[in-house]
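The residues making up each chain are set out below.
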Amino acid sequence: MLPESRSKTMASQAMKIAALVSVGQHPLSRRERRADQDARAVELALSLSPELPSLIHVGSARNESLRAYLGMGLNNLKVLNADQDVDAVPALASYLGEQALDIVLTGVRAECGEGSGLLPYAVADQLGWPIVPRIVSVVSIAGGYAEVWQALPRGQRRALRVPLPFVASVDPAAEPARQSAFGPAQRGSIDSRPCAAEPDQARANWQQHPAKPRPKRLAVAKGGTAAERMKAATAKPQGQGGQVITEGTDREKAEAILARLVAEGVVR
Amino acid sequence: MLTDWLLPILLFGALALMLIGATRRVLAWRAGRNEPVAVVAGLMAMPRRYLVDLHHVVQRDRFIANTHVATAGGFVAALALALLVHGFGVDSSILNGLILLSAAGMFVGACCIAWRRRNPPGRLSRGPWMRLPKSLLVFSTSLFLITLMTADWFPAGLVGWVFSGLLLIGLALGLAEMLVGMGWGGPMKHAFAGALHLAFHRRPQRFGGGRSTGLKPLNLTDSTLGVAKPTDFAWNQLLGFDACVQCGRCEAVCPAFAAGQPLNPKKLIQDMVVGLSGGTDAGYHGSAYPGKPVGEAKGNPGQVIVDGLVSAETLWSCTTCRACVEECPMMIEHVDAIVDMRRFLTQERGETPGAGVQVLDNLIATDNPGGLDPARRFDWAADLELPLIADVGKADVLFWISDGAFDQRSQRILRAFVAVMRAANVDFAVLGNDECDSGDVARRLGDDATFQRLARHNIEVLGRYEFNRIVTTDPHAFHVLANEYGDFGGHYRVQHHSMFINELMEQGQLNLQPKALGRVTYHDPCYLGRYNGEYESPRSVLSTLGIEVQEMTRSGYRSRCCGGGGGAPITDIPGEYRIADMRVDDARAVEAETIAVACQQCTAMLEGVVEPRPQIKDLAELVSEALVTEARA
Amino acid sequence: MSLRIRRNPRLERIRRNRLHPEYESLMAARVSAIGPTGLRRINPHQTGFVMVQGRKRLNRLNPDGVGFAGAGQPGRVQAKEKPLHRVADPLGYVAAVLDLPGGRLSSHDRDVLGLAQQLAQAKDEPHAVLAIALGDVRETDLGGAGADRVIQLNQLHNEPLTGYCPELKRAILNATEQHYQPAFWLFPDSIDGGADLGSRWAVQLGERAAVQAWQVSKETTVCRGGSQLTDWHRPTPRVLLLAPECGAPVEELRHEALPLELTLPEPVSVTIEDLGPVSVDPSQIALSEAEFILAAGNGVRNWDQFHQVATVLGATEGASRVAVDDGYMPRHRQVGASGTWVSAWVYLAVGISGAIQHLQGIGQCETVIAINLDAGCDMVRRADLTVIADSEAVFAELLNLMNERQTGIAPQGVTVHEGEARHVA
């Protein structure tokens, strides 16, 4: 992480922050766990206010993997009890609307199910709040505005100013979530309350399958003579040992390296 | 005469003060967690434990052992007799003579101690401990002369008021050190706490030649998991801390201390004493934790230890190599204490340092520390056609593969061992993907919940099949399977591959053609040696291979850790040197060209040392290289 | 002009196609020459045919066939312009909202345009692909990438559309929707803005967008679910956020890229204000995020120089375990299985022999360059380019070269060498 991106704890201000959390799954073992991005959202929420953030989940209160969020040092997790196939957005939006919150944080995409990343947008839309995607930190909060940093590709950042209250999704480049400790996880309470969530009609006739491996696009050599195209198609794949420069002066060697760096576009 | 009425007052007064202090001390211990002990049996066994088991450890330093016999024996005898003679007024010249003899013996011992303390080695604590030999000399001299005086064996002309007064002051000073100090926390505390510690030791199996090295299971429903405050220790652990004599033998063998990591087992135990009685470590006069000043640590029985008394770094520096425990003459269990405090850090605070968090998360999610696909655990053996026990149902040997399955270097060891077993026509089978990490790392990192889950899973899987014994190439898995699964209902006959290969060799099952390897030394893995007492089998395997082992200075029960145990490479607390480098230096000192090892963790650690260095070979690799492959048509 | 060779595409086409009904008659017109000794003679200049791209092919099946008719002079092959595809009067549109990172089409953008063309052509009525290019556009060839129509704006009511302004962009999409009602709205599902704008747009339209869609037809769409572990098969919605390589980019044809009129929307109030990029020190970027890593190992002696080179090249610093153990670099800069797994585009390893743990950690790096003294070490085997030299000397020259680049002195050697490398390749 960037040292300067570390969120300052704004101890003077007691912000009302909620983190929306989901049940994640490990990409290899598929075991249920806390979702990485949601956990980072909780981490960011914890760093923003001396008051503990509230955790909200729509689903089953009996899911033990939710306890991993409590293990981050929270006492309580609110579950809006619903079946797996409901549309969480209306229930969430109406619940959040009652809470007088300043910031709602969540991950960019869920690890299970559709994982479309549309939920924060839909919730923000129903609440009429702005949404800022992919933030890595909240730099300051003052005068009803927050300055947040947004993740851009290759470690770059952009500063945005957004009025409170707002919804933000937390990028995987944000501060990693603290360890979930077993003791507090077991002792924290999961409160469930019923919610009037409707089954997700839009998804009713979709089918879910295990992901099919996607074919890799082959680099088709175009142009040149037939011999060149033949050579390109049958050449050994790269990585079987590269070019080795032994001869030459140090300057020539440095030039070779620099030429490669320029060709790869990392030195401009 | 002055002595007639003052002596009993002195003796009984000191005794009374000692008892008051001792009672306070006992109450302080009893503030710890309850732990049932066999009181009567323990007290009955105590003398034997003291005279045999403890002496056995002390005897490693013959000079101090003899000194201690003279001093302690002399003191106990002299005090008991003095109570009879001077306290209860029994008048017997035989008894007086015996007092003289005991005091003289004590004097000789004290002289030796004083001589030793002229220029004490760094591991010894100074401060009150420098005073002790003087107190011993004063006490023994005073008692000797007073006894001469009261028995009227003294030239009468020499006895005067001043002289007897001086003697009484001397005796009073001696008694203050020996008796009052015993109850109130002076150096002599070790005698009283040590005796009770031996009686109520948490691991009575260690006495009488036995061994008890498995960690105690944690009750996962406790209100605080692990040890946060001194009072969260079991009461007899607290008692054990008080038994410390600050001899610093633990410090001298601790690999983390030598590497300049902020751990000193002696200081750690003394800090526990500070926490137990409240106060600061300003009264500590031994070597500090490397890189940390003395005098800043504060604690009391109700204060969380890592908040001001001991830094978390200290606890995470330990490699759990057990060298300190092996060396401790007072049989103190440092590793238990450290892991207890780690449990609090991991399971209550969520503060496992370094890559520890990732490793634990991986173990929780994928049952292996690397976070690799659990369905690919058995991929390494895809070409070996190993029999799965799920297919064959039963086998003589269940080959426990351990997480080496995911590591390319360890796979070479595993393959070598498979070749050896095949050559000996062993009836073996493996669990394949059903095997999970043994839980060793999770447990040493303080995550007993994950350890227990993994243990229960493995025990459940193992329970499905019939086999005579488990054989593994990983001493950590070996230890956990053999010594720690029992608490969860898993009782197995477990062998390390060195033991198993040795058996095969003794039965003549292996056709070997030894190769010349040059100078070879053998590195004892902690979890095979000190944890399981297996020093002979690997050496016997090597000698059957025609290898004459060039022993390093620190070998056998004194083997220096490779730095790979207890999750130390994962938590990675910075020090001045790397433990593995120091270990390879040990091997270079005996000009070894090959270091034979018997643990894949040791292999990884020692091979991490920058070349040139001796080559590292596992026993299984050495044996498989020496196998005569019969020409099969 | 008189040199200009006139070709008859129809005849050429027939000659290429042996199954063509007129092939036989056309080919039979020429009879092979019989030499004076009775040997059959072939004039190689009259054998074969010309491919669409202008390449000459021999026709070995029909050696007597017509030669390079019209090709006349060998070696005068002409670069042929791609044929232009016109949609004269579209009855509908497929809108593709482009990312244009840095003002240029990304390969993801091209895939989206390619898919847009597929969807447009699958429609029964003629549909045109409407490319929406907002902000600073430097790309000149939107037509070549498959845009039939273009809406291109770099400001809205004097508010520039550069930087982060999803609300302005959404207003423009809204105006487009009102005027043209595209049949589909396609966005690249990317971190460069496509995913964000597409999600906002889907929510505004009340459409359940397909996200991470990778197999799209007119009727059904397959999209990747959470953690890339599931595929959702669903009817194709109006709004699609497309995964990279969702479709083949347009290559064989040109498109018109005609600008399209758009009545600008009313000014909108902006709630999210862009305060501009935050200057990020490349050396401070987390290793796992970095795109260019300069990593040092046991072979590096001059650490000041190493840090200097990293600064000058704009690289993120990494280190091998040994360098970290020896205290030259902090632990969080350690690359490898026991440190950080990196996925940099370019990994420049200096004095690293390549322990297996280290090589595991750089497994995902695209290009590995090594500077090493030992030509036999594992890192050299892994590297795409290795320089066998003393790192200190090479570093010194690298610093000189970078200095020359920055002060404007043309680094002659570099260009020469590039030319050589190409020649050798």
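In what follows, the accompanying structure is described. Along each chain, the written sequence defines residue order, and numbers are assigned to residues from 1. Chains carry letters from A onward and ligands carry numbers from 1 onward, assigned in written order. pLDDT decides what is reported in this predicted model: residues at 70 or higher carry local features, side-chain atom pairs at 80 or more are listed and counted, and totals for whole chains, interfaces and linings draw on all residues regardless. Hydrogen atoms and water are omitted, and side-chain values are computed over all heavy atoms in the structure.

### What about the overall build of chain C?
Reasoning step 1: Numbering of helices and strands runs from the N terminus; a helix is a DSSP stretch of H or I covering at least four residues, while a strand is a stretch of E covering at least two. Helices and strands together make up the secondary structure of chain C, namely 11 helices and 23 strands.
Reasoning step 2: Residue burial is assigned from relative accessible area. The probe radius is 1.4 Å, only protein chains are included, and a residue is buried under 20% of its type maximum, exposed over 50%, and partly exposed in between. Scored against the burial criterion, the 425 residues of chain C give a buried share of 49%.
Reasoning step 3: Contacts are residue-level and defined by heavy atoms, with any inter-residue pair within 4.5 Å sufficient. Taking as baseline every contact in chain C between residues at least 6 positions apart, the subset at least 24 positions apart corresponds to 58%.
Reasoning step 4: Per-residue accessibility takes into account occlusion by the displayed protein chains alone, with areas from the Shrake-Rupley method and a 1.4 Å probe. Surface exposure of chain C reaches about 20300 Å², of which carbon and sulfur atoms provide 50%.

### Digging into the sheet that holds strand β11 (residues 184-188) of chain C
Reasoning step 1: A pair of strands counts as paired when DSSP detects no fewer than two bridges linking them. A sheet is described by the order of its strands in space; here 10 strands give the open sequence β12(A)-β14(C)-β13(C)-β12(C)-β15(C)-β11(C)-β6(C)-β7(C)-β8(C)-β17(C), paired in mixed fashion. On the outer flanks of this sheet lie β12 (207-210) of chain A together with β17 (258-259) of chain C, each paired with one strand and no other.
Reasoning step 2: Relative to strand β14 (residues 230-235) of chain C, strand β13 (residues 220-224) of chain C is paired through five bridges, and the arrangement is antiparallel. Across the sheet, residue C223 of chain C finds its bridge partner in β14 of chain C, namely W232 of chain C.
Reasoning step 3: Lying on the sheet, helix α3 (residues 107-122) of chain C is in contact with β6 (92-97), β7 (127-134), β11, β12 (210-216) and β15 (239-242) of chain C; it crosses β11 of chain C at an angle near 160°.
Reasoning step 4: Between N-to-C directions, angles cover 0 to 180 degrees, with each direction set by a line fitted to C-alpha atoms, over the stretch in contact for helices. Of the strands in this sheet, β6, β7, β8 (149-153) and β11 of chain C touch helix α4 (residues 166-180) of chain C, which is tilted by about 160° from β7 of chain C.

### Looking at the packing of helix α3 (residues 62-87) of chain B against helix α5 (residues 128-150) of chain B
Residues and elements named next belong to chain B.
Reasoning step 1: It is the contact of α3 with α5, at a shortest axis distance of 11 Å, that shows an interaxial angle of 35°. Here the hand of the crossing between α3 and α5 comes out left-handed. Contacts between α3 and α5 pair T71, F75, A78, L79, A82 and H86 from the former with L136, F139, L143, I146, T147 and T150 from the latter.
Reasoning step 2: Classifying every residue of the contact of α3 with α5 by side-chain character gives eight nonpolar, four polar and no charged. Handedness of each helix crossing follows the sense of rotation of the near helix against the far helix: counterclockwise by less than a right angle gives left-handed, clockwise gives right-handed. Residues are sorted three ways: Asp, Glu, Lys and Arg are charged, Ala, Val, Leu, Ile, Met, Phe, Trp, Tyr, Cys and Pro are nonpolar, and all the rest, Gly among them, are polar.

### Concerning the environment of Y93 of chain C
All names here are of chain C.
Reasoning step 1: With respect to the element layout, Y93 can be found in strand β6.
Reasoning step 2: Separated by 55 residues in sequence, Y93 and D148 have C-alpha atoms that sit 9.4 Å apart.
Reasoning step 3: Ignoring any residue separated from it by four or fewer positions in sequence, one finds Y93 in contact with H127, A128, L130, R149, Y180, P182, A183, F184 and L260.

### A short note on the sheet that holds strand β8 (residues 594-597) of chain B
All names here are of chain B.
Reasoning step 1: Taking strand neighbours across the sheet as the criterion, the three strands line up as β7-β8-β9 in an open arrangement whose pairing is parallel. Every other strand in the sheet has two partners, leaving β7 (520-522) and β9 (615-618) as the edge strands with one partner each. The mean angle between the axes of side-by-side strands here comes to 30°, regardless of whether they run parallel or antiparallel.
Reasoning step 2: Where β7 and β8 come together, three bridges link them in parallel fashion. Residue pairing across strands places Y522 opposite A596, the latter belonging to β8.
Reasoning step 3: Across the sheet, helix α26 (residues 619-626) is in contact with β8 and β9; its angle to β9 comes to roughly 80°.

### Overview of the side chain of Q237 of chain B
Residues and elements named next belong to chain B.
Reasoning step 1: Secondary-structure assignment places Q237 in helix α8 (residues 235-242).
Reasoning step 2: Taking relative accessible area as the criterion, Q237 reaches 10% and is therefore assigned buried.
Reasoning step 3: Polar contacts here mean pairs of N or O atoms no more than 3.5 Å apart (in protein, one a potential hydrogen donor and the other a potential acceptor; neighbouring residues in sequence count only if both atoms are side-chain atoms). In this structure the side chain of Q237 is engaged in a polar contact, spanning 3.0 Å, whose partner is the side chain of D340.
Reasoning step 4: Ignoring anything within four residues of it in the chain, the contact list for Q237 reads R202, D336, A337 and D340.

### What to know about the packing of aromatic side chains
Reasoning step 1: Aromatic rings from Phe, Tyr and Trp, with only the six-membered ring used for Trp, were paired whenever their centres fell within 6.5 Å, and each pair was classed as stacked if the ring planes differed by under 30 degrees, edge-to-face if by over 60, and tilted otherwise. Under the counting rule described, the total for this entry stands at 19 aromatic pairs over all chains.
Reasoning step 2: Relative to F417 of chain B, the ring of F399 of chain B has its centre 5.2 Å away and its plane inclined at 65°; by these criteria the two rings are edge-to-face. On the criterion of sequence distance, the pair formed by F399 of chain B in strand β3 (residues 394-400) and F417 of chain B in helix α17 (residues 408-423) is long-range, its members being 18 residues apart. Each of the two residues, F399 of chain B as well as F417 of chain B, counts as buried.
Reasoning step 3: An aromatic cluster is present here, built from W303, F306, Y328 and F395 of chain C joined pairwise through their rings.
Reasoning step 4: A cation over a ring is seen here: R161 of chain A above Y145 of chain A, with NZ or CZ 4.0 Å from the ring centre.
Reasoning step 5: Lysine NZ or arginine CZ positioned within 6 Å of the ring centre and within 35 degrees of the ring normal marks a charge as sitting over the ring. Over the face of the ring belonging to Y531 of chain B we find R322 of chain B, whose NZ or CZ atom lies 5.6 Å from the ring centre.

### Some thoughts on the nonpolar core
All names here are of chain B.
Reasoning step 1: By convention a nonpolar core is built from buried Ala, Val, Leu, Ile, Met, Phe, Trp, Tyr and Cys residues, the set being connected through side-chain atoms within 4.5 Å. Judged by nonpolar contacts, the single largest core of 98 residues is most densely connected at W29, F139, L175, F233 and M341.
Reasoning step 2: Looking at this core element by element, the count peaks at nine residues for α5.
Reasoning step 3: With sequence-adjacent residues up to four places away left out, W29 is seen in contact with F192, A193, L196, W235, L238, L239, D242 and L276.
Reasoning step 4: Grouped together as the second largest cluster of nonpolar side chains are 65 residues, Y485, L512, L542 and L545 included.

### Some details on a nonpolar patch on the surface
Residue and element names in this part refer to chain B.
Reasoning step 1: Nonpolar side chains (Val, Leu, Ile, Met, Phe, Trp, Tyr) within 5 Å and like charges within 9 Å form the patches, drawn only from residues with over 30% relative accessible area and no salt bridge. Only one rule defines a salt bridge in this text: a Lys or Arg side-chain nitrogen within 4 Å of an Asp or Glu carboxyl oxygen. There is a patch of nonpolar side chains on the surface, built from V138, W161, V162, L166, I169 and L173 and spanning about 680 Å² of accessible area.
Reasoning step 2: Examining the composition of the nonpolar patch, we find that five residues originate from one element, helix α6 (residues 161-184), more than from any other.
Reasoning step 3: Within the fold, V138 resides in helix α5.
Reasoning step 4: Taking the relative accessible area as the measure of exposure, V138 reaches 33% and is therefore partly exposed.

### So, the interface of chain C and chain B
Reasoning step 1: Facing the six residues of chain C at the interface are six residues of chain B.
Reasoning step 2: Once two parts are joined, some of their accessible surface, as seen by a 1.4 Å probe, is lost; buried area is that loss totalled over both. Of all residues in chain C, R321, R331 and I356 of chain C give up the largest surface area on contact with chain B, accounting jointly for 47% of the area buried on that side.
Reasoning step 3: Of the charged contacts in the structure, one is a salt bridge between R331 of chain C and D572 of chain B, with a shortest N-O distance of 2.1 Å.
Reasoning step 4: Our count for the contact surface shared by chain C and chain B stands at three residue pairs in polar contact (both at pLDDT 80 or more).
Reasoning step 5: It is helix α7 (residues 321-325) of chain C that provides the largest number of residues to the side of chain C that touches chain B, a total of three residues.
Reasoning step 6: Here the residues of the side of chain C that touches chain B sort into two nonpolar, one polar and three charged.

### Brief notes about helix α20 (residues 475-484) of chain B
Residues and elements named next belong to chain B.
Reasoning step 1: Extensive coverage of α20 is indicated by the burial of eight of its 10 residues.
Reasoning step 2: Looking at α20, one finds that the buried residues are P475, H476, A477, F478, H479, V480, L481 and E484.
Reasoning step 3: Two or three places before H476, at the opening of α20, D474 has a side-chain oxygen 2.9 Å from that residue's backbone nitrogen.

### Some points on the pattern of salt bridges
Reasoning step 1: Under the definition given, this model contains 77 salt bridges over all chains.
Reasoning step 2: Here R33 of chain A and E111 of chain A are joined by a salt bridge, their closest N and O atoms 3.2 Å apart. Separated by 78 residues along the polypeptide, R33 of chain A in strand β3 (residues 32-34) and E111 of chain A in the loop between β6 (103-107) and α4 (119-127) bring together distant segments of the chain.
Reasoning step 3: The class for R33 of chain A is partly exposed, based on a relative accessible area of 26%.
Reasoning step 4: Overall, the relative accessible area of 9% leaves E111 of chain A in the buried class.
Reasoning step 5: D232 of chain B is the partner of K229 of chain B in a salt bridge, and the nearest nitrogen-oxygen pair spans 4.0 Å.

### Let's talk about the interface of chain A and chain C
Frequently, the measure chosen for interface size is the accessible area removed from exposure when the parts meet.
Reasoning step 1: Listed by partner, the interface residues are 87 residues for chain A and 85 residues for chain C.
Reasoning step 2: Summed over both sides, the interface between chain A and chain C buries roughly 7700 Å², with carbon and sulfur atoms accounting for 58% of that surface.
Reasoning step 3: Per-residue buried area on chain A facing chain C is highest for W206, R214 and R217 of chain A; these three make up 10% of the total on that side.
Reasoning step 4: At the junction of chain A and chain C, the tally comes to six salt bridges.
Reasoning step 5: With its nearest N and O atoms 3.5 Å apart, the salt bridge here joins R251 of chain A to E397 of chain C.
Reasoning step 6: Linking chain A with chain C are 26 residue pairs in polar contact (both at pLDDT 80 or more).
Reasoning step 7: Of all the elements in the fold, those that place two or more residues in the side of chain A that touches chain C are α4, β7 (131-142), β8 (145-151), β9 (157-163), β12, α6 (226-234), β13 (243-245) and α7 (250-264) of chain A.
Reasoning step 8: When residues in the side of chain A that touches chain C are grouped by element, the largest group, 13 residues, is from α7 of chain A.
Reasoning step 9: Its residues assigned to classes, the side of chain A that touches chain C shows 40 nonpolar, 19 polar and 28 charged.
Reasoning step 10: Sheet analysis places β13 of chain A next to strand β23 (residues 385-388) of chain C, joined by three bridges and oriented parallel. In the strand pairing of β23 of chain C, I245 of chain A is matched with V387 of chain C.

### Thoughts on unusual backbone geometry
Reasoning step 1: Following L164 of chain A, the chain continues to P165 of chain A via a peptide bond in cis, the omega torsion being -15°.
Reasoning step 2: When you line up the elements, P165 of chain A lands in the loop between β9 and β10 (166-170).
Reasoning step 3: The residue S402 of chain B is not glycine, and still its phi comes out positive at about 70°.
Reasoning step 4: Looking at the element boundaries, S402 of chain B is found in the loop between β3 and α17.
Reasoning step 5: Although it is not a glycine, L100 of chain C sits at a positive phi angle of roughly 50°.
Reasoning step 6: Within the secondary structure, L100 of chain C is located in the loop between β6 and α3.
Reasoning step 7: With relative accessibility at 5%, the residue L100 of chain C sits in the buried group.

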